[in-house]
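So the chains spell out like this:
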Amino acid sequence: MTKSLAAEPAGLGRVMSPSGTDYSRALAVRERRFATALLAPAFLALMATTTFPLLYLIWTSVHRMDLAMPFADGFVGFDNYRELLQDSRFWASLAVSLIYTGTTVVLQVVIGLALALLVMGMKRGQGLFRSIAILPVVLSPAVVGMVWRTFMLAPEFGIVDYFAIMAGLGSQNWLGDPTLALVSVVVIHTWQWTPFAFMVLLASLAALPDDIYEAARIDRASAWQRFKRITLPLLRPAIVMVIIMRTMVALTAFAAIFTVTGGGPGTATEILNLYAYRKSFTELSIGYGSALAVALLIVTVLISAVLFAVRRAR
Amino acid sequence: MKNTEFTRRAFLKSGVATSAALAAAPSLLNGAMAQEADLAPYKSAKIDWQQFKGETITVAVIPATYFDNLITLAPQFEALTGITVRFEKIPPAQIRQKSVIDLTSKTGTYATHAADPMYYSLYAANKWVEPMETYLSDASLTDPAWFKLDDIVPAWRNANSVDGKLLGMPYDGEVTLQVYRKDLYDAKGLKPADDLQTFVSNAAAVHNPDARVWGAALRGVAGAGQNVYIYSSLFREFGGQWFKDGRLTVNGPEAEAALTWYVDLMRKYAPAAAQNWNWPDIADAFSQGTIGTYVDAHSSASVVNNPEKSKVIGKVAYARWPKGPSGKRVTSIWNWGFPINAALPDKRKKATWLFIQWAACAETQARTAHRFAGPAKRSGVNRISIWQDPAYVGLMRGFGDNFVEATLASLQDDTDVDWRPRVPQWPAIGDTLATAIQSALAGQATAKAALDEAQKRIEPMMRG
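Here is a short report on the structure shown in this document. (Residues numbered from 1 in each chain as written. Chains lettered and ligands numbered in written order. Predicted model: local features only at pLDDT ≥ 70, side-chain atom pairs only at ≥ 80, totals over all residues. Heavy atoms only, no water.)

**Overview of the pattern of salt bridges**
- Per the counting criterion, the structure on display carries 32 salt bridges over all chains.
- D79(A) is the salt-bridge partner of R82(A), the closest N and O atoms lying 2.9 Å from each other. In this pair, R82(A) and D79(A) both sit in helix α3 (residues 79-85), 3 residues apart, roughly one turn of the helix.
- Its relative accessible area of 38% is what places D79(A) among the partly exposed residues.
- Here R383(B) makes a salt bridge to D151(B), at a shortest N to O gap of 3.6 Å. (Salt bridge = Lys/Arg side-chain N within 4 Å of Asp/Glu carboxyl O. Helix = DSSP H or I, 4+ residues; strand = E, 2+ residues; numbered from the N terminus. Buried < 20%, exposed > 50% of the residue type's maximum accessible area, 1.4 Å probe, protein only.)

**With respect to the pairing of strand β2 (residues 84-89) of chain B**
Residue and element names in this part refer to chain B.
- Across 6 bridges, strand β1 (residues 56-61) lies against β2 in parallel orientation. Counted as the bridge partner of T58 is R86 from β2.
- Note on the crossover from β1 through helix α3 (residues 65-81) to β2: the handedness is right-handed. (Pairing = 2+ DSSP bridges. Right-handed = clockwise from strand over helix to strand, strands pointing away.)

**Focus: the interface of chain B and chain A**
- Contact with chain B, which involves 31 residues of that partner, is made by 30 residues of chain A.
- Across the chain B to chain A interface the summed buried area is about 2,600 Å²; carbon plus sulfur atoms make up 52%.
- There are 2 salt bridges connecting chain B and chain A.
- Where D87(A) meets R457(B), a salt bridge forms, and the shortest distance between an N and an O atom there is 3.6 Å.
- The interface formed by chain B and chain A contains 9 residue pairs in polar contact (both at pLDDT 80 or more).
- Going through the elements one at a time, α4 (92-105), α5 (120-126), α20 (426-441) and α21 (447-462) of chain B are the ones with two or more residues in the side of chain B that touches chain A.
- For the side of chain B that touches chain A, the leading source of residues is α20(B), giving 7 residues.
- Looking at side-chain class alone, the side of chain B that touches chain A contains 15 nonpolar, 12 polar and 4 charged residues. (Contact = heavy atoms within 4.5 Å. Buried area = accessible area lost by both parts, 1.4 Å probe. Polar contact = N/O pair within 3.5 Å; in protein donor to acceptor, adjacent residues only side chain to side chain. Nonpolar A, V, L, I, M, F, W, Y, C, P; charged D, E, K, R; others polar.)

**Points about the packing of aromatic side chains**
- Overall, the coordinates contain 39 aromatic pairs over all chains when judged by the stated rule.
- Measuring from ring centre to ring centre gives 5.9 Å for F129(A) and F198(A), while their planes differ by 75°; the resulting arrangement is edge-to-face. One end of the pair, F129(A), is in helix α5 (residues 126-138); the other, F198(A), is in helix α8 (residues 178-207), and 69 residues separate them in sequence.
- The interplanar angle of 15° and the centroid separation of 5.1 Å between the aromatic rings of F254(A) and F258(A) together place this pair among those described as stacked.
- One aromatic cluster in this structure is built from Y66(B), F67(B), F77(B), F87(B), Y171(B), F338(B), F355(B) and W358(B).
- It is R219(B) that lies over the ring of Y229(B); its NZ or CZ is 3.8 Å from the centre.
- Directly above the aromatic system of F147(B) lies the positively charged group of R383(B), at a separation of 5.1 Å from the ring centroid. (Phe/Tyr/Trp six-rings, centres within 6.5 Å; stacked < 30°, edge-to-face > 60°. Lys NZ or Arg CZ within 6 Å of the ring centre and 35° of its normal.)

Below, the structure is given as structure tokens:
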């Protein structure tokens, strides 16, 4: 700080010099310095809250850090990662994560788009529909999980089970059967987040120019042709953006599954995030848990990179 | 004008004075009461309760009536010692993690916390808590003739000891009992099960889902303190040994037989949802009259006897755990104990000990149980002498037939220190075992496959 103060008079001296470029350069330097000073607190806060923990996570992941056996702690290099590659539960949880992400994102986009098209055609009640649709999004995922677990899916007592019995399907153990449990958590996530896709797509739909559709109608393009040739291509950026955002969130989902099934029955709904959590905080094997978290980070970065590349492709 | 102003002022003044007096009155009264008769039984201990005056300690507990009663009495402790106590309530699912994080970071946030007996090995391995012996043997801190350590339920003290050293003082504990519907059993001429086979046949006899009565239910939800809680008793009753040749073993024929029994019972006679139930869910269902029998903590008796919710009051009776093929009955030795955080400064450790001594002594135990003024009385007192006190026993009889007898018999004869394997790696082992049991209950794997898989995962955990 004292240094920059001392430099100040020199700068001022140059301002006095007749050359105009010198003056503007000095001005630019000062501006940059000022900008740096303004940026510094936010930058430092960001470093302290994101970059440092990330580096610490990576540092932890190359150590053995086991609260149950503190005497065995120490640097182990890539041992945690080698162990991870042979860990069948890691691969199983990665598969569950990918299935969960893939299905929820596709369902959200398809249902969200269908709803948006439907609502666009509505003459009245659009506003009401929109405000009702937004409700699940504003709920905390943990609350959503609790509601579904107790009111909706409980066998013999829940609403969904009641309808299943009414429909002649009989009472199902929604969260107790491995396949049904995975379906249930996918449905819950889709239920909560489809309105997000719906809102974004509805806004983009409303912004599409009318004249193109008018021209298409004059050319006698059918509704399907208009949808396929005009609506979809024009909506593409919005759709890709929704896919990217929802994919990243779905890959790192936690609260809803944690409250609904806790990863169970067995490990049927244990996504990678949940496995990392259990390893770190239930089993207290923090080094290996960190390695799992780093693996999840790598997967997320890779998938987003692919999606961004697709987005830029056209 | 002046007149009205005067009266208004006077009114305001008197109002302020009155409300101040009203606000102060209860605390003044409390203080006065606490200093007189209330503290006399404590002052008969030959120690200086005031020696750590001015210290402040934070205690983590779970939201439960047995701790709420203690919190209600805390002003008496503060008056007795001059130590300020802050309580933090943390749900049972999180308290283990929160206290482990506090202990490992050595911040000393919680001077003591309600501790899971299965965690003491982990605490001991990391030297996170202080041996109680240091404080029990210090004459300036403890009056042994007054505190009477031997009066505290021995099974719980054993459960909280590692290598013979007591690490946490039992505050409230439980045994597992067979709880059944007397009316349903009488109608079919059934007796409470003496062995596991009869337990199943009883369940079969009263099982009638069309009339919304299921034969039996046991905790199914995954967790080291949930399904493993029940399974561990079964495993021991089927003759299982956690250690074979010094090696922790969770599979093998006894384990398979125990898990198969558990899975069969749950499949055939429990509501499908029970697979995701913990004890409060079972007690709720039982109090709605939909369950014939269950085995769980004796403290669930207060739920099934809750006059506001229960439809089965007067129809409930109790018995000990049914015997397993090995001839043993194995109850839980679960208790919430208070350890002393080793990261505290010396003076605060001693202040914490005074708190623990106060909470665990016979006087406070009685005051939070049958002598508690509120509606909820504790049923898990830590003192044998109170379990023999007619006033307490009389109160406990209200829970139903044979409650006191079954609880006392279980406490004295059915406890088993090796109920669950006590090793520092327990958090990991318990979680792995819980997952295995649940996948068997869900039909994801056979009992054998689930346990073999668990064994495979547990072996590397035990390697140093």
